[in-house]
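Residue-level structure breakdown
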Amino acid sequence: MKIGAFFFLLLLSVVSCGDQESVLVKTDSVDESMYREAIRFLDKGKLDSAFVFFDRAKDLYLEARDSSGISLCLIQMAITLTDVGDYLGAQELSYQAFKYLNIEDSTQHNLISINYNNIGNATAQLDDFDEALRVYDQSIRFATNTSHKELVLNNKAVVLFDLRRFEEALKIYEKLIVEKRTDDLSYARALTNYAKTRWRIDTYYDPLPDLWMAKDIRKQLQDVWGQNSSYTHLTEYYEDRNIDSAIYYARKRFDMANQLNSSEDLMNAFTMLVRLEPSDSSKGLIDSFKLLQDSVHSSRLLSKNQFASVRYEAEKNKVEHTELKNSLSEKIQKINLQRVWASIGGICILLFVVLGYVRSKQRKERMKNEAAERIKVNQLRTSRKVHDVVANGLYRVMSEITHIETLDKDDVLDKIEDMYNRSRDISYEAETDDESELLSFDQVISRLLKSFSSIKHKVFIVGNDASVWEGLSAVLKEEIHRILLELMLTMRKDGREATVLVRFVREAQCFSITYKYNGSRMKGIHDGNGIRNTETRIQRIGGKIIFENKEADGLRIDIQIPII
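Source: prediction; values computed, not measured.

Another point: the packing of aromatic side chains. Counting across every chain of the model gives 16 aromatic pairs. Pairing Tyr 237 with Tyr 238 gives two aromatic rings, centres 5.3 Å apart and planes at 80°, and the pair type is edge-to-face. Each member of the pair, Tyr 237 as well as Tyr 238, is classed as buried. An aromatic cluster of three or more residues is present, and its members are Trp 199, Tyr 231, Tyr 237, Tyr 238, Tyr 248 and Tyr 249. If you follow Arg 56 out to its NZ or CZ, it ends over the ring of Phe 53, 4.9 Å from the centre. Over the ring of Tyr 237 we find Arg 241; its NZ or CZ atom is 4.0 Å from the centre of that ring.

Take Val 459: it is sitting in strand S1 (residues 457-462). Using a relative accessible area of 14% as the deciding quantity, one classes Val 459 as buried. In sequence terms Val 459 and Val 500 are 41 residues apart; their C-alpha atoms lie 4.8 Å from each other.

Turning next to the pattern of salt bridges. Taken as a whole and judged by the stated rule, the model has 13 salt bridges. Where Arg 40 meets Glu 37, a salt bridge forms, and the shortest distance between an N and an O atom there is 2.3 Å. With Arg 40 and Glu 37 both in helix H2 (residues 33-43) and 3 residues apart, the pair spans about one turn of that helix. Its relative accessible area of 24% is what places Glu 37 among the partly exposed residues. Its salt-bridge partner being Arg 198, residue Asp 202 comes within 3.1 Å of it at the nearest N-O pair.

Rules of the game
- Residues numbered from 1 in each chain as written.
- Predicted model: local features only at pLDDT ≥ 70, side-chain atom pairs only at ≥ 80, totals over all residues.
- Heavy atoms only, no water.
- Phe/Tyr/Trp six-rings, centres within 6.5 Å; stacked < 30°, edge-to-face > 60°.
- Buried < 20%, exposed > 50% of the residue type's maximum accessible area, 1.4 Å probe, protein only.
- Lys NZ or Arg CZ within 6 Å of the ring centre and 35° of its normal.
- Helix = DSSP H or I, 4+ residues; strand = E, 2+ residues; numbered from the N terminus.
- Salt bridge = Lys/Arg side-chain N within 4 Å of Asp/Glu carboxyl O.

So, in structure tokens, the structure goes:
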């Protein structure tokens, strides 16, 4: 149902006719440069640019009060919108064009017919077939050009075919091929449609001779669009009769679609090939079809966006024919109402997105404030513990030193070491509380071990990945953290230059830690409170610790902890 350059020859011939009775009276000569530029872009297939220049030409005709020029531009703009799939916009512009057409002026009848035909095309694309048939009848009524009238009849028959009213469609095609016994494109079109319609209702009819004849005419006249149509119908005919022939013509149609450089026709050809080709041959086609489908969808959206940005603002002019104006205004109001509801839907979606964003931002801010509050609470709790444990403990030791005549040095040192261990535990609790808010456990362990690295002590870590710690309980992680802290403190107390290697290994039922210290052998390692505390912690969680202290290799400690 596409219009093409043929309609423009008709449009130009209407404008060039003699004096016309118009709704507006032409008072000034009009600069035709914008109109000619629009035609030039149209011939090159640049529909968006053509649309813009037709709109500009229309404004010049409005200033000159040239009703024929205004209607001509509006009709071509409407045809362009139909071609790019904006059917509501096409209807609106076509009905707008009627404000500048005079149905009592016979010289404008063919232009009126062209406008009705475009409305019929857009209406049919919106699946309002009964209304489309009524509009096509109006187009036929005003048609004065034979070729145009045949085209409208063909469009009407296509809609009747879609409604499965085959007998009515066949009568139209029979009339067209009888009146058109010449080897031109319109005859080939009518003959093709006649054949595809008759074989639906006449079981004794063989459509192949007529289909082949139409194909040969189109091929001889180098009508690529027509050949694309012929191969489509031949594929449909053979689909239930001879699958090999159907595939052959489907591939022919695919080749034509490639030549047309039409994504939509290429997608339809892909669909047909995928349906006919064997499953093992159609795998690659399906992937290509999906890519093309996405491309066509994006192209359609882009075209509509391009044309939406240059749509005209409705012109309010009085017309002499009030009855026609009221009827057309009602149709335009209906179309605008549909657009209003679409806009409301878009606004609601936008508001929903904005509301979701605001709520998400508020939630993040609330979580941030809660985390800060928890840190303050932890800091306050830690300071209280420090006061209760360290300050009170020191006061007790000072009191004993003051009042006891015979001072037991070892006892005082044990009490001070006990306070040291308890204060360190408080520090660890505060550190893990703060870090757990910000770091993963592998990062906490890495920070702990690296804090003991210095010029004298090099610390290397192996196997400390996030996956190693997955699934371990918080209690087990806390114990491991304290064990590592004890080992590193013991290393630092040794005071000699050395290298420390800590390796973590996660197995199905066991978590292993290997600690290697290659400095001088640390004598009396078992005697320190820190190592004794470490052994106690490991035993408490069901693990075991193995010491290997060699003069040459230094110290190696293997810790194995069961995973429940």
